[in-house]
Amino acid sequence: SSEQAPQGEGGEGESAGSSTDTITLGFSQVGAESGWRAANTKSIQDTLTAENGFDLKFSDAQQKQENQIQAIRSYIQQQVDVIAFSPVVETGWDAVLEEAKAAGIPVILTDRAVDSEDDTLYESFIGSDFVLEGQTAGEWAVEQYDGEGYKAVELQGTTGAAPMIDRQQGFADAIAGSDIEIIDSQTGNFTRTEGKQVMEGFLQKYDDIDLVFAHNDDMGLGAIEAIEAAGKVPGEDIKIITVDAVKDGMQALADGKINFIVECNPLLGPDLAEIAKKVIAGEEVQKRIVVEDQAFDQEAAKEALPDRQY
Ligand code: AHR
């Protein structure tokens, strides 16, 4: 009594609860380095559920590229229907992506880009425009502080990661021509602990820091701890600009300890589910899906906080 379904393995019709069209998706996550990452993982796990037609295989690479490559190879071996991942760094993916392609398994990138020349190695890349995020942060800094001769330090994300490369570039471009000067930059690996450590080092080395640009909220929150421990007032003696707008960051912004946050939306699960379904159905998908971000000053954070989802 059932008609042939146009795609899927079973083609057995669509009775409620039927799992014949379940999409097995292998997802290799960067790690659990930040509040942003926790929200991103939750969005993916909450969306790619059995009720929504997915069998999600999830692995955490602990910020190591070799772990991600291993996870992807294992998904290829298991012959999953789709592979998705958020690449820890930009370079070095061609070989494993070619293996997936040879096995006929479509790949979807979420959050971070790869620098492969061959864009047939993946179906779609869903994520924010990180250059624009850095630029928005830099433009606000110029608007607020140009003319004061500010000395800035930069807490960078994981070396070689797309958001680190792009936010640095966007910020540098935006402040070029102003009198804000970046006197030092170092990676804090997108974590609170390392952000604090790097900031402690900066505070020992320089006594004239006016501004911190942290590539994410967690490193900015670590910097706040270091600044307070050094007897200075974050948000006043030393201004702080970050990226992400997760709850803890927004709270610190509303409390006056951070001065400005550019959002990076982590809720990528729904777009990933939609694109995966389309790819499996053989439908055309957009190669690049840019996720829209907002930006918040202290007043805007106070207004937005009560309804914040993450
Ligand atoms: O790739 C997105 C970045 O990775 C987020 O800004 C940061 O918090 C996370 O670790």
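Reading guide: rules and limits
- Residues numbered from 1 in each chain as written.
- Predicted model: local features only at pLDDT ≥ 70, side-chain atom pairs only at ≥ 80, totals over all residues.
- Heavy atoms only, no water.
- UniProt positions renumbered as here; feature names shortened; annotations may be inferred.
- Near = heavy atom within 4 Å.
- Polar contact = N/O pair within 3.5 Å; in protein donor to acceptor, adjacent residues only side chain to side chain.
- 1 Å grid on protein atoms, 1.4 Å probe; cavity = no way out; pocket = protein on both sides within 12 Å on 5 of 7 lines; lining within 4 Å.
- Sits in = over half its atoms within 2 Å of the grid points.
- Nonpolar A, V, L, I, M, F, W, Y, C, P; charged D, E, K, R; others polar.
- Pairing = 2+ DSSP bridges.
- Helix = DSSP H or I, 4+ residues; strand = E, 2+ residues; numbered from the N terminus.
- Axes fitted to C-alpha atoms, helices over the stretch in contact; angles between N-to-C directions.
- Phe/Tyr/Trp six-rings, centres within 6.5 Å; stacked < 30°, edge-to-face > 60°.
- Buried < 20%, exposed > 50% of the residue type's maximum accessible area, 1.4 Å probe, protein only.
- Lys NZ or Arg CZ within 6 Å of the ring centre and 35° of its normal.
- Parallel < 35°, antiparallel > 145°, perpendicular 65-115°, else oblique.
- Left-handed = near helix turned anticlockwise from the far one by under 90°.
- Contact = heavy atoms within 4.5 Å.

- Per an unreviewed UniProt entry, the recorded name for the protein chain is ABC transporter substrate-binding protein, and the organism is Isoptericola hypogeus.
- Its UniProt record, at the heading Subcellular location (unreviewed entry), says of the protein chain: "Cell envelope".
- Per UniProt, the comment on the protein chain under Sequence similarities (unreviewed entry) is "Belongs to the bacterial solute-binding protein 2 family."

1. Observations regarding the site of the ligand
(1) Moving on: In the vicinity of the ligand, the contacting residues are Glu33, Ser34, Trp36, Arg37, Asp111, Arg112, Phe130, Pro163, Arg167, Phe190, Asn216 and Asp244.
(2) Moving on: The separation between an oxygen atom of the ligand and a polar side-chain atom of Arg112 is 2.8 Å.
(3) Moving on: The side chain of Arg167 places a nitrogen or oxygen atom 2.9 Å from an oxygen atom of the ligand.
(4) Moving on: Placement of the ligand is best described as lying within the largest cavity.
(5) Moving on: Split by residue class, the shell around the ligand holds four nonpolar, two polar and six charged.

2. Re the sheet that holds strand E7 (residues 181-187)
(1) Moving on: Pairing is mixed across the open sheet formed by six strands, whose spatial order is E7-E6-E8-E9-E10-E12. At either margin of the open sheet sits one strand with a lone partner, and together these are E7 and strand E12 (295-297). Across the sheet, the axes of successive neighbouring strands diverge by a mean angle of 15 degrees, strand direction being ignored.
(2) Moving on: Here three bridges tie strand E8 (residues 211-214) to strand E9 (residues 239-244), and the two strands are oriented parallel to one another.

3. What to know about the packing of aromatic side chains
(1) Moving on: Per the stated rule, a full pass over the model turns up seven aromatic pairs.
(2) Moving on: On the basis of an interplanar angle of 20 degrees and a centroid distance of 4.8 Å, the ring pair of Tyr145 and Tyr150 is categorised as stacked.
(3) Moving on: In this structure Tyr145 comes out as buried when scored by relative accessible area, which is 7%.
(4) Moving on: Relative accessible area serves as the criterion here: at 10%, Tyr150 is assigned to the buried category.
(5) Moving on: Taken together, a centroid distance of 4.1 Å and an interplanar angle of 10 degrees make the contact between Phe171 and Phe213 stacked. Within this pair, whereas Phe171 is found in helix H5 (residues 162-175), its partner Phe213 is found in strand E8, the two being separated by 42 residues in sequence. Both residues of the pair, Phe171 and Phe213, count as buried.
(6) Moving on: Positioned above the aromatic ring of Tyr122 is the side chain of Lys287, whose terminal nitrogen or guanidinium carbon lies 5.3 Å from the ring centre.

4. A look at the packing of helix H7 (residues 217-229) against helix H8 (residues 247-254)
(1) Moving on: Between H7 and H8, the shortest axis-to-axis distance is 9 Å and the interhelical angle comes to 45 degrees. Classified by the angle their axes make, H7 and H8 are oblique. For the crossing formed where H7 meets H8, the hand is left-handed. Residue-level contacts link Asp217, Leu221 and Ile224 of H7 to Asp248, Gly249 and Ala252 of H8.
(2) Moving on: Among the residues making up the contact of H7 with H8, the classes are represented as three nonpolar, one polar and two charged.

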